[in-house]
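# A closer look at the structure
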Amino acid sequence: MNATDVLILGSGAAGLSAALRLAEAGHAVCVVSKGTLASGSTLWAQGGISAVLDEDDSVEAHVRDTLIAGAGLCDEAAVRFTVERGPECIAWLVDQGVVFTHADGELRGQNMHLGLHLTREGGHSHRRVVHAADATGHAVETTLASLAEAHPLITVRERSVAVDLIVDKAAKRVHGAYLYDRNSKAIEAVPAKAVIVATGGANQVYLYSSNPYGASGDGIAMAWRAGCRVSNMEFMQFHPTTLYHGDSRSFLISEALRGEGATLHVPNPDGSVGERFMPRFDERGELAPRDIVARAIDHEMKRLGVKHVWLDISHKPASFVREHFPSIHAHCLKLGLDITTQPIPVVPSAHFTCGGIVTDLDARTDITGLYATGECASTGLHGANRLASNSLLECLVFAEAAAADLIRALPTMPMPPPLKPWDESRVSDSDEDVVVSHNWLELRTFMWDYVGIVRTTKRLLRARHRVQLLKREIIEFYQHYRVGHHLIELRNLVTVAELIVDSALARQESRGLHYTLDFPATDAVASATVLTP
């Protein structure tokens, strides 16, 4: 493939918004997606995008709420940088044709300041979450994907998986990436002046996750192998409320339900709705930050020996529930559950990677020409816990920052040198695919058991030992057999698992999403966990 100006790995909100901004400035862009272009975690996002749009709200209030949720580890400059750019990013999405819900309840695209409906979610002191009913990610992703597909300067490579970044380690400069084509099963070296990693999080490292299967930490692992620092990998956010149902895998029940009055209850012995328990854990009740709510649910499930708790919004008018949460209502109804009259069985699941590749406010990493945006990046916004609906905001703000920096830099960036093709001569086909699937399940199971919502040093050391054994097996397999899609992901998963465990062992306190029984207190001085290759 001929060199492109910018190679973008990932086609969620971060990757697509960066691509569109660069293409509009006249730069050739190649966007790589593991599946179809409109796939990935953005598509699954229900809640919305936080931005200060109400006259009773303020940038200071949004900054304060984010800092509180981040438990002392947010970079205030990064928080302020992000929050201040929120309204502009919402306006940009509206200009692209994204259709949001308005104050009268209607879904339509129109100019800003004409009454977007704002909802409130856990940890927010004001209503500031812009949404498209309860399918915001779908509205954003499908709109941006259709624009990208139609743009003459954007090349789309679907069903392609990045294997590794191509980096001149002496010069600390990126030259492109190796891409595995899932159709042809061939690996190609793709040159680029610059690369944006927008590959999402690493939440499939856990047995139970609200994310799609592709969330295997690819960008974080590739950047780590290339020589980039990573930060705060111990802070893996568990969404408190994922639907517990045998016929529905990891369906998220949006935070917005609690924002609109849904309450959490323990099950009575006969299965009926019992005591409301969140006020016992936090004065904010169901609107406490996600780490507190997830830990409270985990505590009640273990205390009572139950498999789920109840989330109940049936006290609200049925028309209100159907209007505000049509996707959730329809999905549950297909499973025989009418949320207008029945409580919803919910459990926590791995949801968001708060740490990642260390970047500056221009989304630049430690490697020249390499940028990271979205969930794979550690920008300083989230700290020890992400505030609800700040994730899509971060994607949009830092994609714009990366694009702006590249628009300035690309005219003087050199073209990459000829790239070394992928060497297939040393490998052979394998009939041992069972090894990959077995290791995949083993890794995700012990990460859930030992490195989950509540941790201990003994559990973490046990996890580290298991990770190291698996890593040796996986690397040996990777070196001797032909590379495939699932092996690429497994190699990345074991890398991020090791980063998570090492980061958790390094933090000998409890803070935000990292809660350990051996060090339950929070240190007086907060510091980030930074790992260097």
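These numbers were taken from a predicted model, which means no experiment stands behind them.

What counts and what doesn't
- Residues numbered from 1 in each chain as written.
- Predicted model: local features only at pLDDT ≥ 70, side-chain atom pairs only at ≥ 80, totals over all residues.
- Heavy atoms only, no water.
- Buried < 20%, exposed > 50% of the residue type's maximum accessible area, 1.4 Å probe, protein only.
- Helix = DSSP H or I, 4+ residues; strand = E, 2+ residues; numbered from the N terminus.
- Contact = heavy atoms within 4.5 Å.
- Phe/Tyr/Trp six-rings, centres within 6.5 Å; stacked < 30°, edge-to-face > 60°.
- Lys NZ or Arg CZ within 6 Å of the ring centre and 35° of its normal.
- Pairing = 2+ DSSP bridges.
- Axes fitted to C-alpha atoms, helices over the stretch in contact; angles between N-to-C directions.
- Salt bridge = Lys/Arg side-chain N within 4 Å of Asp/Glu carboxyl O.

### Focus: helix α4 (residues 76-84)
Structural remark: α-helix, 3.6 residues per turn; residues separated by three or four positions point the same way. If you check which residues of α4 are buried, you get Ala78, Val79, Phe81, Thr82 and Val83. Its buried side turned inward, α4 meets α3 (59-69), α5 (86-96) and α12 (391-409).

### Looking at the packing of aromatic side chains
Following the criterion strictly, the structure yields 8 aromatic pairs and no others. For the pair Tyr206 and Phe238, a centre-to-centre distance of 5.1 Å together with 65° between the ring planes defines the contact as edge-to-face. In this pair, Tyr206 is assigned in the loop between β11 (187-197) and α7 (218-226) and Phe238 in strand β13 (residues 236-243), connecting sequence segments 32 residues apart. With centroids separated by 4.8 Å and ring planes inclined at 40°, the aromatic side chains of Phe477 and Tyr481 adopt a geometry described as tilted. What makes Tyr481 partly exposed here is its relative accessible area of 28%. Ring-pair connections join several aromatic residues into one group, and the members of that group are Tyr206, Tyr208, Phe238 and Trp448. Lying over the aromatic face of Phe352, Arg386 brings its terminal NZ or CZ to 4.2 Å of the ring centre.

### Side note on the sheet that holds strand β15 (residues 273-276)
Pairing is antiparallel in the open sheet, where 5 strands are placed in the order β13-β17-β16-β14-β15. Either end of the sheet is taken by a strand with one partner, and the two such strands are β13 and β15. Going from strand to strand, the sheet's axes swing by 50° on average, the running direction of each strand aside. For β13 and strand β17 (residues 344-353), the ladder comprises 6 bridges, and the chain directions are antiparallel.

### Brief notes about the sheet that holds strand β21 (residues 530-531)
What the 4 strands build is an open sheet, ordered β20-β18-β12-β21; its pairing is mixed. Strand pairing shows two members of the sheet lacking a second neighbour, β20 (377-378) and β21, which therefore form its edges. Summarising the sheet, strand β12 (residues 230-231) and β21 pair through 2 bridges and their orientation is antiparallel. Of the residues in β21, the one forming a bridge with Ser231 is Val530. Contacting β12, β18 (356-358) and β21, α7 crosses the sheet at an angle of about 40° to β18.

### Digging into α5
Burial in α5 covers these residues: Gly86, Cys89, Ile90, Trp92, Leu93 and Val94. Immediately downstream of α5, the backbone of Gly97 shows phi near 105°, a positive value.

### As for the environment of Pro267
Relative to the helices and strands, Pro267 resides in strand β14 (residues 263-267). A C-alpha to C-alpha distance of 7.9 Å links Pro267 and His308, two positions 41 residues apart in sequence. Setting aside anything within four residues of it in sequence, one finds Pro267 in contact with Ser272, Gly274, Val306, His308, Val309 and Trp310.

### So, unusual backbone geometry
Of note, the phi angle at Asn232 is positive, near 55°, even though the residue is not glycine. Structurally, Asn232 is set in the loop between β12 and β13. Phi is positive for Ser389, close to 65°, though the residue is something other than glycine. With respect to the helices, strands and loops of the structure, Ser389 is situated in the loop between β20 and α12.

### Describing the pattern of salt bridges
Throughout the structure, instances matching the rule amount to 31 salt bridges. Close ionic contact of Arg85 with Glu84 constitutes a salt bridge, the shortest N to O distance being 3.9 Å. Taking relative accessible area as the criterion, Arg85 reaches 27% and is therefore assigned partly exposed. We classify Glu84 as partly exposed; its relative accessible area is 44%.

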